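# Commentary on secondary and tertiary structure
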Amino acid sequence: MYAEIILPLPLQSTFTYSVPEELKDLLQTGTRVLVQFGRKKYYTGIVSHLHNDRPDYEVKEIAAVMDRKPVVRYPQLKLWRWIAEYYLCSEGDVMKAALPTGLKPESETFVTLNDDFEIPEGFTISDHQAVIMSLLQHKGRMRISDIQNELKIRNVTKLIGSLIEAEILTVAEQVVERYRARKETFVTLGAERGDQTRLHEFFDMVGRSQRQERLLVTYLDKSGWLHPANALRDVTKAELMELPEISPSIFKAMQDKGIFKIEKRTVNRFNPESETHEPELAPLTDIQREAHGAILEQFRENKPVLLHGITGSGKTEIYTHLIAAALRDGNQALYLVPEISLTTQLTDRLRKVFGDRLLVYHSKFSDNERVDIWKRLLDSSEPLVILGVRSSVFLPFSRLGLVVIDEEHESSYKQSDPAPRYNARDTAMVLASMHGAHVLMGSATPAIDTYYKAKNGKFGLVTLTERYEGSVLPDVEIVDMPRQRKEKQVRGILSTPLLDRIRRAMASGRQAILFQNRRGFAPMVVCRQCGWVPKCDNCDVSLVYHKNTGMLRCHYCGYSRVLPALCPVCGQNSIETFGYGTERIAEDVQEAFPDARISRMDLDTTRNKDSYQQIIESFSNHETDILVGTQMISKGLDFEKVNVVGVASADTLLNFPDFRSDERAFNMLEQVAGRAGRRQEKGTVVIQTSKPDNEVLGHVVRHDYTGFYSQEIEHRRQFNYPPFTKVINIYLKNKDARALDRASATYAAELRAVFGNRVLGPQKPFVSRVALWYIQGLMLKVESQASMKKVKELLHGIFERTAKSPDMKSTVIYYDIDPA
């Protein structure tokens, strides 16, 4: 027997391994196995399928089977294959993204000091190498990364490499299991249930100790031991130890008397027993009920449905009713949101309705927690709601009945790096079709492609044109910043009209949100004497100043350095910062409103799992007055007392050299505007810009999505962009700029020979070097009905024809299908 194994590597095929006789009965499609790949490395692989076709080359044996049953279901493997085919990547890329790290143990390289080494003739041990040898003598086996972290020595890998060559150090591979199961200690009574005689004996034993007696009574009460008609409830030792005046010695005494027995068990981190109470649903308004009925009607036609509802129209309430119906039918529901910040506010709202049947899944959870959610779905077909971001599409659903894609227009659904560069919205629709599940997409500003398909009958379309409970859309004011500066009506980046609006909101006990889609303190640092600008060592970008840490950071590769006090070129004390990030705006707002409580929500302030919750809860409870943030605050958040929303600079969103730039700008501004006045009181949105006559801003002022769509779809038709074509961006990367120029020209010529005038480029992107890699891009526009399988074959053929070129051998090529 032979098995085709998917490995978490960017290689285009599966790999054939032979199945040892003793493992044949253990293997199934979707099972994890441990296999050797290369000379020493071991990886976790997934069995794609089994067969009896002997390859015409020598194959290795599977080293171990890691599961008694599959960890990946068959529909998941089908989805992996579709993603690999459509997004032009490997199944290994998909596996790496899909499985939590805890389910992918692999071998790691350890180095140890050779016990009987001899220093070769002519070999000199440097001071740094001597320190490494001393550390290994003291600690034994270590990872190279751990040695680097401990010693803070540069070029550790090179130093260790020469010691290995001299046979002073040896290398070993060891498989490291990262997942740690959660174990709990459970308590049982040392008597058969119903044995009253033995129970009386236990009470006699503890009669002289009130604490032991209280502990016994508490156990009987919590476990339900005295009520045989009910199932016996598990009681943990931790629960009993929470009682006042109960110490470990008291518990141990009862254990020694045989009253209590303990047992350690592996448990899921998330309660495996769901509450089965009927969800408490808020009643729908007449308009919502009508939309709900229209969605159900279109579900009968088995088409995905787009719910186009203005901001604050109550789309979430409709989602909740549809999810409740799916659970009543015994099905599971997937509720996709574009940002982790949205899961924070929705979790509390949905928990009140669905209780423990709600599971949340995103990258801020620990790997152990994600593995436990995966295992719970794998081990059970119970009706559950999974609220999560794009990676949730990879979970092992067994009875998926409904997929809700909230804010479906969001570019956050598109994975940019690394592969697979998939769009979770489109992937979720394929996932739903494989399960026979219904799909509902919702947005106040649908993606142009989605709305076009809905208008042309490919998707169903339902609209909500009124806000919930009669609240109205906010007024939008455009502030001409050049004019404000001329009249000296600007403080920092904030204009007088915006400051006045915030002041009035604060005076009336309301809150304000300020939006700036740029984090950090200042995006530009310059020496005013000589013009020196600090640049990233690895990328072609200037560094951003972060005042709270005093560091200059690259937002592309993470490189950082301290802001120098003196210019390193001219030596003068003349370094100045320019521009505004969220950190600087928050500081300016604090100066303008010294009594205001201000919080900030951007990548820098939300690095751990609980930070989203803390910021959002604090603002929701009116513990802060003004929230300054990036695009995180624009996506579906609902704050009752927000009366004013300010956009610090709309110019950062407008006029990008990209065919989707107007769509992104309109969506972002309209969504930000939707945070204002979400209850009875009308809100105000103030947009600051140097281009007040921009057409996009006019549509935002009128909240005119259909007008914007009509204008944008004609531009797309005229210039042959999606939805009238399918776009594939092809990127070439090389660490040698000249080699990249030659490789790009060669590859572009081959592309044009096959695809003709469908090819644009090559050209350098906005940032043409990232993490030491120079980048060039080509755009391929193919017909919207084109087979991606055929396109992939043609592109693979072009790659094979050009691969022999020396420049192409050192060049990395990757594809971005349907770029967001």
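Residues numbered from 1 in each chain as written. Predicted model: local features only at pLDDT ≥ 70, side-chain atom pairs only at ≥ 80, totals over all residues. Heavy atoms only, no water.

Moving on: the sheet that holds strand E22 (residues 511–515). An order of E19-E31-E30-E22-E29-E28 is seen for the six strands of this open sheet, with the pairing classed as parallel. If you trace the sheet from one side to the other, it starts and ends with strand E19 (475–480) and strand E28 (598–601), each paired once. The mean inter-strand angle of the sheet, taken between neighbouring strand axes irrespective of direction, is 20°. Here E22 pairs with strand E29 (residues 626–629) via four bridges, running parallel. Paired with Ala-512 across the strands is Ile-626, a residue of E29. Strands in contact with helix H18 (residues 582–592) are E22, E28 and E29; relative to E28, the strand with the most contacts, it is inclined by about 170°. (Pairing = 2+ DSSP bridges. Helix = DSSP H or I, 4+ residues; strand = E, 2+ residues; numbered from the N terminus. Axes fitted to C-alpha atoms, helices over the stretch in contact; angles between N-to-C directions. Contact = heavy atoms within 4.5 Å.)

This part takes up the sheet that holds strand E11 (residues 260–267). Taken together, three strands build an open sheet; the order of strands is E10-E9-E11 and the sheet is antiparallel. Single-partner strands in this sheet number two, and they are strand E10 (235–236) and E11. Note: strand E9 (residues 182–189) against E11, eight bridges, orientation antiparallel. Of the residues in E11, the one forming a bridge with Thr-185 is Lys-264. This element, helix H7 (residues 210–223), spans E9, E10 and E11 of the sheet and lies at about 105° to E9.

Okay, the nonpolar core next. Of all hydrophobic cores here, the largest spans 143 residues; its most connected members are Trp-80, Ile-730, Tyr-747 and Leu-795. It is helix H11 (residues 315–328) that contributes the most residues to this core, seven residues altogether. Setting aside residues up to four positions removed in sequence, Trp-80 forms contacts with Ile-6, Ile-46, Val-72, Glu-91, Val-94, Met-95, Ala-98, Leu-99 and Phe-394. Ala-586, Ala-596, Val-644 and Val-686 belong to the second-largest nonpolar core, a separate cluster that totals 22 residues. (Core = buried A, V, L, I, M, F, W, Y, C linked by side-chain atoms within 4.5 Å. Buried < 20%, exposed > 50% of the residue type's maximum accessible area, 1.4 Å probe, protein only.)

Glancing now at empty space enclosed by the protein. To find the voids left in a structure, one rolls a probe of water-molecule size over its atoms. With the rule as written, the count across this model stands at one cavity of 30 Å³ or more. Contributing to the lining of the largest cavity are Ile-6, Leu-7, Leu-9, Leu-11, Ser-13, Phe-15, Glu-91 and Gly-92. Per-class residue counts for the lining of the largest cavity are five nonpolar, two polar and one charged. (1 Å grid on protein atoms, 1.4 Å probe; cavity = no way out; pocket = protein on both sides within 12 Å on 5 of 7 lines; lining within 4 Å. Points joined across faces, edges and corners; volume = space filled by probe spheres on them. Nonpolar A, V, L, I, M, F, W, Y, C, P; charged D, E, K, R; others polar.)

At a minimum axis separation of 10 Å, H7 and helix H9 (residues 248–256) run at an interaxial angle of 75°. In this view, H7 runs roughly perpendicular relative to H9, as classed from their interaxial angle. Along the contact surface, H7 presents Arg-211, Gln-212, Leu-215 and Leu-216, while H9 presents Ile-250, Phe-251, Ala-253 and Met-254. Along the lines of polarity and charge, the residues of the contact of H7 with H9 split into six nonpolar, one polar and one charged. (Parallel < 35°, antiparallel > 145°, perpendicular 65-115°, else oblique.)

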